[in-house]
Amino acid sequence: MEILNENAHKSVKKQSISTGGKLLIGLTGGIGIGLSIVCASFVAPAFRKFCLPFVPATTEQIQNVLRFLPKNANGKLLDIGSGDGRIVVAAAQHAQGLKADGVELNPWLIYYSRLAAIRHGVGQQTSFFRRDLWKFNIKDYNYVIIFGVEQMMQDLEHKLIAECPRNAKIIACRFPLPQLQPTHVIEEGVNTVWFYDLSKQNKLS
């Protein structure tokens, strides 16, 4: 009888370990899949023709952008590749008559940006769109902010000229537009900001 009880105890213990192991494997697998889904949103853009990596704007860069944005500005502003939304939020706080939008491909950054806008009290003044920037229509925007990469600036310049209103203001950070002539340039290095007024360009083509 004792032998039977001991064998039964071992059987139950083995089954318990087996069940626990299965739960652990399932939990680990679920976490792995979740991480893969999240990471894919950050890695996928690297396989596109132009990679616009997420590099948060510094405090200095934000302040330099705002120097070109009048406090009484109105109309619509677009941040191309808006990342975590800090430029859009700062612009909305700076010029309360402005409707500030961001376009971004990463869904997690879009969710974060929307929450950040609500937290800073500008949720009604801002919008964030998960779109491919090359397919996003920018014809209604009076101000466009760009944190780009060097390889994309020429194609982006063509899109801006073709779609923006003729009096639009372009604020480029980190890299300048190759053909348009800036009206003002401030700072240097990574904090450089180029300001373009399309109404003052000699040739828009």
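Parameters and conventions
Residues numbered from 1 in each chain as written. Predicted model: local features only at pLDDT ≥ 70, side-chain atom pairs only at ≥ 80, totals over all residues. Heavy atoms only, no water. Helix = DSSP H or I, 4+ residues; strand = E, 2+ residues; numbered from the N terminus. Buried < 20%, exposed > 50% of the residue type's maximum accessible area, 1.4 Å probe, protein only. Contact = heavy atoms within 4.5 Å. Pairing = 2+ DSSP bridges. Right-handed = clockwise from strand over helix to strand, strands pointing away. Core = buried A, V, L, I, M, F, W, Y, C linked by side-chain atoms within 4.5 Å. Axes fitted to C-alpha atoms, helices over the stretch in contact; angles between N-to-C directions. Parallel < 35°, antiparallel > 145°, perpendicular 65-115°, else oblique. Left-handed = near helix turned anticlockwise from the far one by under 90°.

Draft legend 1. Local environment of the side chain of Asn191. Its location among the elements puts Asn191 in the loop between strand 6 (184-186) and strand 7 (193-197). Relative accessible area serves as the criterion here: at 16%, Asn191 is assigned to the buried category. When sequence neighbours within four positions are dropped, the list of residues in contact with Asn191 reads Thr58, Glu60, Gln61, Asn64 and Ile186.

Draft legend 2. Structural detail: the pairing of strand 2 (residues 98-104). For strand 2, the tally of buried residues reaches six of seven residues, placing the bulk of the element in the interior. Sheet topology places strand 1 (residues 75-80) next to strand 2; six bridges connect them, and they run parallel. Looking across to strand 2, one finds that Gly75 is bridged to Leu98. Traced from strand 1 through helix 3 (residues 86-94) to strand 2, the parallel crossover comes out right-handed. Looking at chain direction, strand 2 and strand 3 (residues 126-130) are connected through five bridges and run parallel. Paired with Asp101 across the bridge in strand 3 is Ser127. Chirality of the crossover, the property in question, places the unit of strand 2, helix 4 (residues 107-119) and strand 3 among those that are right-handed.

Draft legend 3. The arrangement of the nonpolar core in detail. One finds Leu69 and Leu77 to be the most contacted residues of the largest nonpolar core, which totals 29 residues. Contributions of two or more residues to this core are made by helix 2 (59-66), helix 3, strand 2, helix 4, strand 4 (143-147), strand 5 (169-173) and strand 7. With six residues, the top contributor of residues to this core is helix 3. The contacts of Leu69, once residues within four sequence positions are left out, are Leu77, Ala91, His94, Leu98 and Tyr143. Core analysis: the second largest hydrophobic core is formed by 24 residues, Leu78, Val103, Ile161 and Leu198 among them.

Draft legend 4. Here's a closer look at the packing of helix 2 against helix 3. Orientation of helix 2 relative to helix 3, taken along the N-to-C sense of each, is 45°, at an axis distance of 10 Å. The angle between helix 2 and helix 3 places the two elements in the oblique class. Between helix 2 and helix 3 the crossing geometry is right-handed. Seen from helix 2, the contacting residues are Ile62, Val65 and Leu66; seen from helix 3, they are Arg86, Ile87, Ala90, Ala91 and His94.

Limitation: the analysis is restricted to geometry and does not speak to function.
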